[in-house]
Each structure stands twice: as structure tokens, then as C-alpha cells.
Amino acid sequence: MDNPLETTPQTQARIAAKAKEMWEADGRPGCGPQAYTEAASELIGMESNPDAGQVPVDSPVPLDANGQPVEQAWLEENLGNPGGSEDELDDRREVPFATRQEEEDALKNQ
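Conventions adopted
Residues numbered from 1 in each chain as written. Predicted model: local features only at pLDDT ≥ 70, side-chain atom pairs only at ≥ 80, totals over all residues. Heavy atoms only, no water. Helix = DSSP H or I, 4+ residues; strand = E, 2+ residues; numbered from the N terminus. Areas by Shrake-Rupley, 256 points an atom, 1.4 Å probe, with all protein chains shown as cover. Core = buried A, V, L, I, M, F, W, Y, C linked by side-chain atoms within 4.5 Å. Buried < 20%, exposed > 50% of the residue type's maximum accessible area, 1.4 Å probe, protein only. Contact = heavy atoms within 4.5 Å. pLDDT = per-residue confidence, 0-100. Salt bridge = Lys/Arg side-chain N within 4 Å of Asp/Glu carboxyl O.

Visitor: What exactly am I supposed to notice about the overall build of the protein here?
Guide: Within the protein one finds three helices and zero strands. Ordering the α and β elements of the protein from the N terminus gives α-α-α. Summed over its atoms, the accessible surface of the protein is roughly 9,600 Å², and 50% of this surface lies on carbon and sulfur atoms.

Visitor: Hey, could you run me through the nonpolar core in this one?
Guide: The nonpolar side chains of soluble globular proteins are, as a tendency, buried together. Ranked by size, the top nonpolar core spans seven residues in total: Ile15, Ala19, Met22, Trp23, Tyr36, Ala40 and Ile44. Only α1 (9–25) and α2 (37–48) provide two or more residues apiece to this core. Each residue touching Ile15, except ones within four places of it in the same chain, is listed here: Thr37, Ala40, Ser41 and Ile44.

Visitor: Please explain the environment of Gly45 as it appears in this structure.
Guide: With respect to the helices and strands, the residue Gly45 is situated in helix α2. Take Gly45: its relative accessible area is 31%, and that puts it in the partly exposed class. C-alpha separation for the pair Gly45 and Thr11, spaced 34 residues apart in sequence, amounts to 9.1 Å.

Visitor: Sorry if this is basic, but what is going on with the side chain of Lys18 here?
Guide: Take Lys18: it is sitting in helix α1. Ignoring sequence-local partners within four residues, the contact set of Lys18 consists of Ala40, Leu43, Ile44 and Glu47.

Visitor: How do you make sense of the confidence of the model for the protein when you look at a structure like this?
Guide: Atom-level detail of predicted coordinates should not be read off regions where pLDDT is low. Across the protein, pLDDT averages 80, with 74% of residues at or above 70. Here helix α3 (residues 100–108) stands out as the element of the protein with the lowest mean pLDDT, 84, in contrast to α1, whose mean of 94 is the highest.

Visitor: Where do I start with the pattern of salt bridges in this structure?
Guide: Think of it this way: side chains of opposite charge can pair up when their charged atoms draw near. Following the criterion strictly, the structure yields five salt bridges and no others. Glu47 is paired through a salt bridge with Lys18; the nearest N and O atoms lie 3.9 Å apart. Taken together, the residues span a long stretch of sequence, with Glu47 in helix α2 and Lys18 in helix α1 at a distance of 29 residues. Judged by its relative accessible area of 18%, Lys18 falls in the buried class.

Encoded structure:
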């Protein structure tokens, strides 16, 4: 099988012929058949590889029974401080530490 990404003289000729065909079908506008080259290239590629894109791809995230993505619970952990004096998140520092030593000292004191 030929490499679909490799452009051969035969492929170029098919693209040029298809571009001219599309240009004539549109009533020969002033832009010329060169304006149809990209669209013709895509059509020739589809004709050459009709099964391209038919391989199923597994979802990178888990899906529920309805096919909807299921977010992990840990995604909710870092949504910032929701406010309120009784919330344990009020005591957490929301900005980075200036130095690693300062961070280390704060983590030891928790």
C-alpha cells in the first residue's frame, strides 16, 4: 500500500484534475482551479483511504453507562477557598511559599 502522506506525480495529477473538475462545476470563477487544490487534495485523500478514521479510539477518561465522562473526585479538592469561618480550608495557605525552607517549616508545623 502506498504511503498516503507521500505525494507522487500520479497523486498530483489526480488532485489537479479534481480541482479543475470542481472549478468547472462552480461555473469557472475568476480564481482559477488553483483555488480548489486544497479541497481536491482532501477529497482525493478520502477516496484513496476510505477506511481512515474508522479505528475506534479508547476514551482517555472513564465513561458512565450513558457514555458521559466521569470526573475523578480529587478534581474537587483544589477549587480554592469557598469561604466561611467554620471551613477547614480557611486555615490553608493559598499562595506559594517564598522559599523552600519556609514551606518545609510550615509543613512541619501542621
